[in-house]
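# Survey of secondary and tertiary structure
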Amino acid sequence: MSASTSSDFSRDFDTIVIGGGVTGLCISRLLAADGAAVACLDAGERAGSTANAGSLHVQMQSRLERLFPERVADVARSLSWYPKAVEEWRTLANELGDDIGFALTGGLMVADNDEQLTSLSRKSQLERANGVHTEIIDRHELARIAPYLNDTLAGASFCPLEGKIDPLKAQAALTAAAWDAGVELRTGTKVTSLTRERSGFRVATGTTSYGTKRLVIAAGAGTTALASMLGLIIPIRAEPLHMNVTSAAEPFVNHLVQHAERSITLKQLSNGRLVIGGGWPADDRLAPIVPAVRISSLLGNLALARFLVPASASLPVTRTWAGINPTADLLSVLGSIPGLPGLYIAVPGDAGYTIGPYCARLLVELMGGRETGQDLSPYSPLRFS
Amino acid sequence: MKQNEPSVAVQTTLPRLRFDFDGRSVPALPSDTLAAALTRAGILTLRSPGADDPGRGIFCGMGVCQDCLVTVDGVPERRACMTDVAEGMQVESGQPLLRPESNAKPASPNIDLQEPLTPQLLVIGGGAAGLSAALTAARLGVQVTLLDERKTLGGQYFKQARTAAHIPPSMRGDKQAAAGRALIEAVHSAGVTVYCDALVWGCEDGSTLFARVAGRLMSFRPGALIVAGGAYERVVPRPGWTLPGVMTTGAAQTLLRTSGTLPGKRVLIAGNGPLNLQVAVELARAGAKIVAIVEAAAPTLITKAGAFLRMLGLAPDLALQGIRLAAGSLTHNIAVLSGMRVIGISTTDSGLSVQMQDIRNGTMRTSDCDVLCLSDGFLPNNELLRLLGCRHDFDALRGHLVTVRDVNCMTSIEGIFAIGDCCGLNGARAAIHEGEIAALAALAHLHQKHTTERASALDLARRNLQKVQRFQRALWRFYAPVAGAYASLQSDIQHGDETLLCRCERITLGKVRAACVGDNRDLGAIKRATRIGMGACQGRYCLPAAIAFLQANHALQPDEFTMPAPRMPLRPLSCNDLLLKPTE
């Protein structure tokens, strides 16, 4: 699946998808299953789905209210996508056959005190108004369903549809499924230029170029540079985030755990390891190859995990790493470009790993001229120009 | 549970304390490591990584492999080789899934990091190189702090007995240990601040280092840094290499030299290089039966004579030491099977059955033993240097990354020096001279005025180093293996697909082969697809082997970035381990 050989020179495809993460792979697989000749190219950078922590998020992230209060109304309107996205993952888990660690355990966003619990109640009302079921549970109910949590917590917002995926297994299974569907997968293939042609696009990758009728850019934070090759302004920031993983333990944490005010996600994968992340910053200044871990994030994230789940502190941390979270204005960037027929953009919004497969489904329906059942205008790639 | 006849080289002192291992009361000497006490009691199996695995025991003996993890007083994943016994200690064998302990009081969700200590010079690693650097700098008036992961300084060459009672009779008066003891005493009297039990697990901004020192979090931001992390043994994956009773030659030597313990009664030693001969003689003198030494180098002395004469000219004392060892092997009737390698290990009712093969003509041979010691050369402990961001080159000949250094042993980062075997194996003597060079150069970095005296000291050290390096080159020519270290993995013939490549995650060669879809040869992608190298040891054994496999079978051309980046913490540490402050 590595760099192409010269025999591929000037090979043409119906569709080329740039980006081999969760979104690009799902798009490629669906298109190929419809009979199209599809190539999926990935620069093979070490970021992407393979660095994801694998949380399935449905309730609104508390940090949005904290950091971007002006965006809350818009994000709330897109909340209805998240339950559908979880269903899409359930379908995928069944179709892929392999065990990808899919589990809907429910998610808890916990509060230290009554003030935080009140703000969770407000959030819950907004969520229910937008089609997401969450409920507030008090400290007694919390202690009953999650005895592994610190018993001083005041309560939580509970969302039954939340859960987890094992991202390494999912990536491997999706890759294999795309391969089986006939997708030409090329990793380690960096696109160097994109040009408009009479009936489509030309995609150059240094030594090789491909012609294609349709072009999908699903390259996360790489989308900005690729889109600019076609004169489009799509500002996606690469936000380096910290993650930790522990040795494997007996099952003891069954929910996806988050906090009402502080940055954390904590869950136990099906292999027994705790994955602790949730938005602590990493550094992209010093390391040219991968974002570098910050000690303050490593220790701070773990100290918070210890506060919420005291027994987590006895488990050895075997590895920490930083992944890239592509982020625009928290909403997905999804759709076609008037004036550039055949070009499509697909970058999922907040909690992109969760909604990546659903965004892929919507885009493929749009490409096929089918009814998506969604008003996609708020997600137009042209909204930044 | 596999058990051996108790093997005790120390007969002098009666056991003075007891601890429990899986409910069984085990005697121990004060200051024994768990590894030594359990080995002496004949207990070889310390951990079960899964129901379908025959178990694991002591392997590297030096804190690298993470295979001897046991639960100590309820705390999971303590390394038996690095943990001291205590009266009444409750030790349980390691299990595939840990039992999370919830004894913690609700701690604060916040951290309050203390300001780092700021020694003029920080030296990491208290082996030959680090001791030499610390001593040289401290004698010139520099304020030096020295950190070592072990509880005793000396490193792998100057291995020091835990207490006088741990010195086996056959090792009394040993010159190697005595030289180390003298160097350590000199370091202390020169006023070096020494922290033992100090595990450096991370760094930030290439300038601040984080360590767990005797259970507490400490950080250092030194004026200059010298990294002397040493080396660990290369062991080529073979069928059965994870079985209890299979350990590195260095681990067997550590058991003997630091704890007066034989690894077993009947010992087979295999691999490549002079350490195997040395340890065979040491074990034989202490009472072990050496079944044989299996050596991958060619048997004919004629081709080696030139190399030996060169060694004799460059360092007559070391060459003569080699002759004495060879003579020792004759005295103890040790058979040296040259040009052979171990290709398979299995268990029998009484121990291990080891299958060997002549590398050139394929003739097979089988021997029984209690313990198999393996050492196929050495790999550098350079993960801290890589984490700091120092540049490395992939050395195709040695099959590992080599730290890029200038003539002063300075890395690509100003003020960070790397010395000794963590830069590629050159032996203790070279390490000592590199310590001198780096210390003198670090002085210049610390803006101390250069005197003519120091300039001539630097000059002398450089000349001495060159001479030792020429000796080392001759030594490795003498020990040049008939085929490359990983030849058995490269040819695809010797090892079946069931050979475990990754000990930690239990990933077979077959699984790695299957992950090489199409012409995929990116080690990072294969790592994520198979989990090879994602376990507790961070791929220290499997990744060099995987690179050799991909080189031979998938035209991989390794470079600086082929090896996945080292991850913090450099050794597995729990949040409890990481966050305990000096004041708590």
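Values in this document were obtained by computation on a predicted structure and should not be read as measured data.

### Some thoughts on the overall build of chain B
- A count of helical and extended segments in chain B gives 15 helices and 28 strands.
- For chain B, whose C-alpha radius of gyration is 23 Å, the value lies close to the compact-globule estimate of 25 Å for 584 residues.
- For chain B, the spread of C-alpha atoms along the principal axes amounts to about 65 × 65 × 60 Å.
- Expressed as a percentage of the 584 residues in chain B, the buried residues total 61%.
- Taking all contacts inside chain B whose residues are at least 6 apart in sequence as the whole, residues at least 24 apart take part in 66%.
- When the accessible area of chain B is evaluated, it comes to approximately 21900 Å², of which 52% is carbon and sulfur surface.
- Each charge class in chain B was averaged separately, 60 positive and 51 negative side chains, and the resulting centres sit 5 Å apart.

### What about the sheet that holds strand 18 (residues 340-347) of chain B?
Residue and element names in this part refer to chain B.
- Pairing is antiparallel in the open sheet, where 3 strands are placed in the order 18-19-20. The open sheet has two free edges, formed respectively by strand 18 and strand 20 (364-369), since each of these has just one partner strand. The average angle at which neighbouring strand axes cross in this sheet is 25°, direction not considered.

### Some remarks on the packing of aromatic side chains
- Tallied over the entire structure, the rule returns 12 aromatic pairs over all chains.
- Taking 5.4 Å as the distance between ring centres and 70° as the angle between the ring planes, the aromatic pair formed by Phe59(B) and Tyr541(B) counts as edge-to-face. Of this pair, Phe59(B) sits in the loop between helix 1 (34-40) and strand 3 (69-72) while Tyr541(B) sits in the loop between helix 13 (523-530) and helix 14 (542-554), and the two are 482 residues apart along the sequence.
- Pairing Phe308(B) with Phe478(B) gives two aromatic rings, centres 6.2 Å apart and planes at 50°, and the pair type is tilted. Of the two residues, Phe308(B) sits in helix 6 (residues 302-314) while Phe478(B) sits in helix 10 (residues 452-478), which places them 170 residues apart along the sequence.
- Assessed through its relative accessible area of 21%, Phe308(B) is described here as partly exposed.
- We classify Phe478(B) as buried; its relative accessible area is 15%.
- Ring-pair connections join several aromatic residues into one group, and the members of that group are Phe59(B), Tyr232(B), Trp241(B) and Tyr541(B).
- Over the aromatic face of Phe201(A) sits the side chain of Arg196(A), whose NZ or CZ is 4.9 Å from the ring centroid.

### Comments concerning helix 5 (residues 274-285) of chain B
- Spanning 12 residues, helix 5 of chain B covers 17 Å between terminal C-alpha atoms, matching the ideal 16 Å at 1.5 Å per step.
- If you check which residues of helix 5 of chain B are buried, you get Leu275(B), Asn276(B), Leu277(B), Gln278(B), Val279(B), Ala280(B), Val281(B), Glu282(B), Leu283(B) and Ala284(B).

### Some points on the nonpolar core
- By size, the foremost hydrophobic cluster in this structure holds 66 residues, and its most contacted members are Leu108(A), Leu149(A) and Trp201(B).
- The biggest single contributor to this core is helix 9 (residues 295-308) of chain A, with 9 residues.
- By size, the runner-up hydrophobic cluster in this structure holds 58 residues, among which are Cys68(B), Val279(B), Ile293(B) and Leu325(B).

### What about the packing of helix 2 (residues 128-139) of chain B against helix 9 (residues 427-445) of chain B?
Residue and element names in this part refer to chain B.
- Two elements in contact, helix 2 and helix 9, have axes separated by 7 Å at closest approach and are oriented at 35°. You can see that helix 2 and helix 9 cross each other, and the crossing is right-handed. Judged by residue contacts, Ala-128, Ala-129, Ser-132, Ala-133, Thr-136 and Ala-137 of helix 2 engage Ala-428, Ala-431, Ile-432, Gly-435, Glu-436, Ala-439 and Leu-440 from helix 9.
- Class assignment of the residues belonging to the contact of helix 2 with helix 9 gives a composition of 9 nonpolar, 3 polar and 1 charged.

### Overview of the pattern of salt bridges
Residue and element names in this part refer to chain B.
- This structure, assessed with the given rule, holds 42 salt bridges over all chains.
- Notably, a salt bridge pairs Asp-376 with Arg-238, separated by 2.9 Å at the nearest N-O pair. With Asp-376 in the loop between strand 21 (371-375) and strand 22 (378-380) and Arg-238 in the loop between strand 13 (231-233) and strand 14 (246-248), the pair connects residues that are 138 residues apart, well separated along the chain. Judged on exposure class, the residue Asp-376 and its partner Arg-238 are both buried.
- One connected set of salt bridges, linked through shared partners, spans Arg-47, Asp-52, Asp-53, Arg-56, Asp-67, Arg-503 and Arg-506.

### Describing the interface of chain A and chain B
- The interface of chain A with chain B comprises 44 residues on the first partner and 46 residues on the second.
- In this assembly, chain A packs against chain B so that about 4300 Å² is buried in total across both faces, 61% of it on carbon and sulfur atoms.
- For the pair chain A and chain B, the number of links is 1 salt bridge.
- Among the ionic pairs, Glu505(B) bridges to Arg273(A), the shortest N-O distance being 2.7 Å.
- Where chain A meets chain B, there are 13 residue pairs in polar contact (both at pLDDT 80 or more).
- Of all the elements in the fold, those that place two or more residues in the side of chain A that touches chain B are helix 7 (167-180), strand 12 (237-248), helix 9 and strand 16 (316-327) of chain A.

### A short note on the confidence of the model for chain A
- Averaged over all residues, the pLDDT of chain A is 91; the fraction at 70 or higher stands at 94%.
- This stretch, residues 1-9 of chain A, has a pLDDT under 50; its non-local contacts, to residues over four places away or in other chains, come to 25 contacts.

### A few points about empty space enclosed by the protein
- According to the stated counting rule, one finds 7 cavities of 30 Å³ or more in the structure shown.
- Secondary structure elements with two or more residues in the lining of the largest cavity: strand 22, helix 8 (383-388), strand 24 (400-403) and helix 14 of chain B.
- Split by residue class, the lining of the largest cavity holds 12 nonpolar, 6 polar and 6 charged.
- The volume enclosed by the second largest cavity comes to roughly 90 Å³.
- Lining of the second largest cavity is provided by Gln61(A), Ser62(A), Arg63(A), Arg66(A), Met109(A), Gln258(A), His259(A), Arg262(A), Ser263(A), Ile264(A), Thr265(A) and Gly278(A).
- Breaking the lining of the second largest cavity down by element, the ones donating at least two residues are helix 2 (62-67) and strand 13 (256-259) of chain A.

### Re a nonpolar patch on the surface
Residues and elements named next belong to chain B.
- Judged by side-chain polarity, Leu-309, Leu-312, Leu-320 and Ile-323 come together as a nonpolar surface patch covering roughly 330 Å² of accessible area.
- At the level of elements, helix 6 and helix 7 (316-331) are the ones that each hand at least two residues to the nonpolar patch.
- Relative to the helices and strands, Ile-323 is located in helix 7.
- Taking relative accessible area as the criterion, Ile-323 reaches 40% and is therefore assigned partly exposed.

### Details of helix 10 (residues 352-367) of chain A
Residue and element names in this part refer to chain A.
- For helix 10, the principal kink sits at Tyr-358 and spans about 25°.
- Judged by how many residues are buried, helix 10 sits mostly within the fold: 14 of 16 residues are covered.
- Phi turns positive, to about 70°, at Gly-369, one or two residues after helix 10.

### Some words on the pairing of strand 10 (residues 200-204) of chain A
All names here are of chain A.
- For strand 10, a buried count of 4 out of 5 residues is recorded, marking the element as mostly surrounded by other parts of the structure.
- As paired elements, strand 9 (residues 193-197) and strand 10 share 5 bridges and run antiparallel to each other. The residue of strand 10 that forms the bridge with Arg-196 is Phe-201.
- Here strand 9 hands over to strand 10 after 2 residues, the two strands then running antiparallel side by side.
- As paired strands, strand 10 and strand 11 (residues 209-217) are joined by 4 bridges and run antiparallel to one another. Within the sheet, the bridge partner assigned to Arg-202 lies in strand 11 and is Gly-211.
- The turn linking strand 10 back onto strand 11 is made up of 4 residues, and Gly-206 within it adopts a positive phi angle of 85°.

Cut-offs applied
Residues numbered from 1 in each chain as written. Chains lettered and ligands numbered in written order. Predicted model: local features only at pLDDT ≥ 70, side-chain atom pairs only at ≥ 80, totals over all residues. Heavy atoms only, no water. Helix = DSSP H or I, 4+ residues; strand = E, 2+ residues; numbered from the N terminus. Rg over C-alpha atoms; globule rule 2.2 N^0.38 Å. Buried < 20%, exposed > 50% of the residue type's maximum accessible area, 1.4 Å probe, protein only. Contact = heavy atoms within 4.5 Å. Areas by Shrake-Rupley, 256 points an atom, 1.4 Å probe, with all protein chains shown as cover. Lys, Arg positive; Asp, Glu negative; His and termini not counted. Charge placed at Lys NZ, Arg CZ, Asp CG, Glu CD. Pairing = 2+ DSSP bridges. Axes fitted to C-alpha atoms, helices over the stretch in contact; angles between N-to-C directions. Phe/Tyr/Trp six-rings, centres within 6.5 Å; stacked < 30°, edge-to-face > 60°. Lys NZ or Arg CZ within 6 Å of the ring centre and 35° of its normal. Expected span 1.5 Å × (residues − 1). Core = buried A, V, L, I, M, F, W, Y, C linked by side-chain atoms within 4.5 Å. Left-handed = near helix turned anticlockwise from the far one by under 90°. Nonpolar A, V, L, I, M, F, W, Y, C, P; charged D, E, K, R; others polar. Salt bridge = Lys/Arg side-chain N within 4 Å of Asp/Glu carboxyl O. Buried area = accessible area lost by both parts, 1.4 Å probe. Polar contact = N/O pair within 3.5 Å; in protein donor to acceptor, adjacent residues only side chain to side chain. pLDDT = per-residue confidence, 0-100. 1 Å grid on protein atoms, 1.4 Å probe; cavity = no way out; pocket = protein on both sides within 12 Å on 5 of 7 lines; lining within 4 Å. Points joined across faces, edges and corners; volume = space filled by probe spheres on them. Patch = residues over 30% accessible without salt bridge, like charges linked within 9 Å, V, L, I, M, F, W, Y side chains within 5 Å. Bend = angle between axes of the 7 residues up to and from the residue.

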